[in-house]
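Residues per chain are reported as follows:
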Amino acid sequence: MRLKTDIVITGVGVVSPIGIGCEAFWHSLVTGKGAVRRLAVLDGAPLPPALGAEISDFEASRWVRPRKALKVMSRDIQLAFVAAELACQQAAVGPGKLDPERFGIVFGTDMISCELEELAPAYRQCIVNGHFDFARWGTHALEEMFPLWMLKYLPNMPACHIGIAQDARGPNNSIVLGEVSSLAAVAEAARVLERGAADVMIAGGTGCRIHPIVWSRRKVYDSAEWDGPPEKACRPFDAHRCGQVFGEGAAAFILETAENARARGAKPLARLAGFASTFERCPPGELPAGEAIRRAIRQALESSSLSPNEIGHVNAHGLSAVHDDRIEAQAIASVLGDVPVTAPKSFFGNLAAGTGAVELAASVLALQAGLIPPTLNYEVPDPTCPVNVVSGSAQTTNVLSALCLNHSRFGQAMAVVIVHPEF
C-alpha cells in the first residue's frame, strides 16, 4: 500500500561498534574499518572462543538525563537512549521545540538479558545441598533482588525512557520481532504520521547479542565456527561463510511529514518511499524458503512506485549464515537482477533488534554521499548467491535510492525503500 503522505527523515543517530555518531560511523564504513574482535566481556568465561563486535568507548552518563535513570537502564536501553538523543540533536527537536502531544515514538527491541551479577545472590539463596530448590524463590530469593530490577529489562522501556527525556507525549509503541523489529518500527511510525496522529516521530531499534546468557545458547543462533582472524569471521554471501557473528548497537531516526519539515525549516536527509511486511509459514524444524523476502521486495517496490532499475543499491540482511544468505541472494536476484548489494553486518555483526536501524542509517548516509559502502570479507563468490556484492572499496552511484532488507528465521521479512530528497 502506497503512502498517502510525504514522509522524510530529518535526523539520524547511531551508536555502533564502528562509531558513535554519523561521522565516525560513516568514516568506518567507507574506509573498511570493521569491529569484529575477540570479546573482552567474555574473557575468562568457560565458553568457546567468543567473536563479536562491542562498543568499546560508550559512556552513557555523557548523555543520559537525569543521571539517576541509569540505575534502571540495561545496556540495550542506554544504547537506544543515546541514539535517540543524537537524532533529536541533528533534527533540532526535543523538549520545548515541538508540541509534545504531536511528538511520538516507535522503537524496536529484543529480549533483554539480565545481568548475572544481579541474579547471582538470589540464586544462591535457593541452593540447598548443591541443588536448586524452586520453593525457596518466593520466600528467600526475592529479598535479594533490586526492587525495580524488572524495569531494566522490559522491552517497552527504551521507548518510555526516550519519551520522558524528549517530552514526547504522543503515540508510544514498542515492536519485538527479532531482527525485523527496527524496520517494522520505521514503517509503523510512518503509518502514525500518515494517520495524522503525530507530526514528528522517533523510530529505531536497539539490541545487544554479546551478553553471556546469549552466548550460553550460541548453538541456537547458528553462530560462526571460525578459527581464522576475528575480523574475517563475518562473511556475508562469501562461499566460505560459516555462521553469524554477534554485536550490539542502536540507531534512531526523526521522521516527520514533509509539510512539517518545511514549516520547521528542517533539512530532509532522505524520503521514505515505501515499505512492505511479509511472512511465510515455516514447518516445525525447517527454515524459511525465502518466499517472504521475495514478496517483501516486490511489494516495497509497488509501494514506492519504483521499478527494479530505479533501485541504486540493496542494503541486505547478509547474516553470513549459509542458508539465510542463499535464500536472500536468490530473492534479490529474482526481483531486482544485478543491483549492487552491500551487507553492513560484515562490519559489526548481528545487532538483533538494532540491526535494521543501524543498517538503514548506513543507507541514509550513502544517499547523501553518493557512495555504496563495501561488504567486508567477500573474497570467493558463491554460485548459490547470485548477487552483485560491492566489495573492496565504496562504489560511486548516481541512482540515489536504496532498498533495505531484514528477515528472521521465524518467517518474517521487511523491506523499506528510501530515496534522496531530490530523487
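To be clear, the structure that these remarks concern was listed above.
Residues numbered from 1 in each chain as written. Predicted model: local features only at pLDDT ≥ 70, side-chain atom pairs only at ≥ 80, totals over all residues. Heavy atoms only, no water.

K.L.:
Looking at this model, I keep getting lost on helix α10 (residues 322–336). Mind explaining?
P.N.:
Within an α-helix, residues lying three or four positions from one another point in the same direction, as the helix has 3.6 residues per turn. An ideal rise of 1.5 Å per residue puts 21 Å on 15 residues; α10 measures up with 21 Å between its terminal C-alpha atoms. Among the residues making up α10, those that are buried are D324, D325, I327, E328, A329, A331, I332, V335 and L336. Against the buried residues of α10 lie α9 (291–304), β12 (313–315), β13 (340–342) and β17 (401–407). Where α10 terminates, the next one or two residues include G337, which has phi positive at roughly 70°. (Helix = DSSP H or I, 4+ residues; strand = E, 2+ residues; numbered from the N terminus. Expected span 1.5 Å × (residues − 1). Buried < 20%, exposed > 50% of the residue type's maximum accessible area, 1.4 Å probe, protein only. Contact = heavy atoms within 4.5 Å.)

K.L.:
Please clarify how the packing of aromatic side chains should be interpreted in this entry.
P.N.:
Ring pairs (aromatic) are described by centroid distance and by the angle formed between their planes. A full pass over the atoms with the stated rule returns six aromatic pairs. Centroid distance Y123 to W137: 5.7 Å. Interplanar angle 45°. Geometry classified as tilted. Pair noted here: Y123 is in helix α3 (residues 116–124) and W137 is in helix α4 (residues 137–141), with a separation of 14 residues, a long-range link. Residue Y123 is classed as partly exposed on the basis of its relative accessible area, which comes to 39%. An angle of 50° between the planes, with centres 6.0 Å apart, marks the rings of W149 and Y153 as tilted. Accessibility expressed as a relative area gives 22% for W149, which makes it partly exposed. Through a chain of ring-to-ring contacts, the aromatic side chains of Y123, F132, F134 and W137 assemble into a single cluster. (Phe/Tyr/Trp six-rings, centres within 6.5 Å; stacked < 30°, edge-to-face > 60°.)

K.L.:
Just checking my understanding: could you explain the pattern of salt bridges for this structure?
P.N.:
Side chains that differ in charge, positive against negative, can pair when their charged atoms come close. Counting across every chain of the model gives 19 salt bridges. One salt bridge connects E291 with R295, and the closest N-O pair in it is separated by 3.8 Å. Placement of both E291 and R295 in helix α9 is noted, with a separation of four residues, approximately one turn of the helix. A salt bridge links D324 to R409; the shortest N-O distance between them is 2.6 Å. Of the two residues, D324 sits in helix α10 while R409 sits in the loop between β17 and β18 (412–419), which places them 85 residues apart along the sequence. The exposure class of D324 is buried, given its relative accessible area of 5%. Looking at R409, the relative accessible area reads 27%, which means it is partly exposed. Members of the salt-bridge network, linked through shared partners, are K232, R235, D238 and E379. (Salt bridge = Lys/Arg side-chain N within 4 Å of Asp/Glu carboxyl O.)

K.L.:
Is there a simple way to explain helix α6 (residues 181–195) in this structure?
P.N.:
Spanning 15 residues, α6 covers 21 Å between terminal C-alpha atoms, matching the ideal 21 Å at 1.5 Å per step. Extensive coverage of α6 is indicated by the burial of 13 of its 15 residues. The first or second residue beyond α6 is G196, which carries a positive phi of 80°.

K.L.:
How should the side chain of Q166 be read in this particular structure?
P.N.:
Relative to the helices and strands, Q166 is located in helix α5 (residues 157–166). Setting aside anything within four residues of it in sequence, one finds Q166 in contact with R65, E85, C88, V93, G94, P95, F103 and I202.

K.L.:
I keep staring at the pairing of β17 and nothing clicks. Help me out?
P.N.:
The two faces of the sheet receive side chains in turn, since in a regular strand these alternate between them. Of all seven residues that make up β17, seven are buried, and the element is covered over most of its length. On β17, burial covers both faces: S401, L403, L405 and H407 on one face and A402, C404 and N406 on the other are all buried. Sheet topology note: the β12/β17 ladder contains three bridges and is parallel. By the bridge assignment for β17, H313 is matched with A402. Direction of pairing for β17 relative to β18: antiparallel, over a ladder of seven bridges. Residue L403 lies in a different strand from β18, and its bridge partner there is V417. A loop of four residues connects β17 with β18, the two strands running antiparallel in sequence, and G411 in this loop sits at a positive phi of about 105°. (Pairing = 2+ DSSP bridges.)

K.L.:
Help me understand the nonpolar core in this model?
P.N.:
Among the nonpolar cores identified, the biggest contains 59 residues, and V12, F25, F253, L255 and L272 are the most heavily contacted of them. If you look at the next biggest cluster of nonpolar residues, it comprises 34 residues, including V15, A91, L98 and A159. (Core = buried A, V, L, I, M, F, W, Y, C linked by side-chain atoms within 4.5 Å.)

K.L.:
Would you mind going over unusual backbone geometry with me for this structure?
P.N.:
Excluding glycine, most residues fall at negative phi; most peptide bonds, likewise, are trans. Note that the residue after R65, namely P66, is joined by a cis bond; omega there is -10°. Along the chain, the position of P66 falls in the loop between β4 (51–53) and α2 (75–91). Non-glycine residue N129 carries a positive phi angle of around 55°. Position of N129 relative to the elements: it lies in the loop between β6 (127–128) and β7 (131–132). When its relative accessible area of 74% is taken as the criterion, N129 is described as exposed. Non-glycine residue N377 carries a positive phi angle of around 65°.

K.L.:
In this structure, what is going on with the environment of A168? I would like to understand it.
P.N.:
Mapped onto the fold, A168 is located in the loop between α5 and β8 (172–175). Distance from A168 to V200, taken between C-alpha atoms, is 9.3 Å for residues 32 residues apart in sequence.

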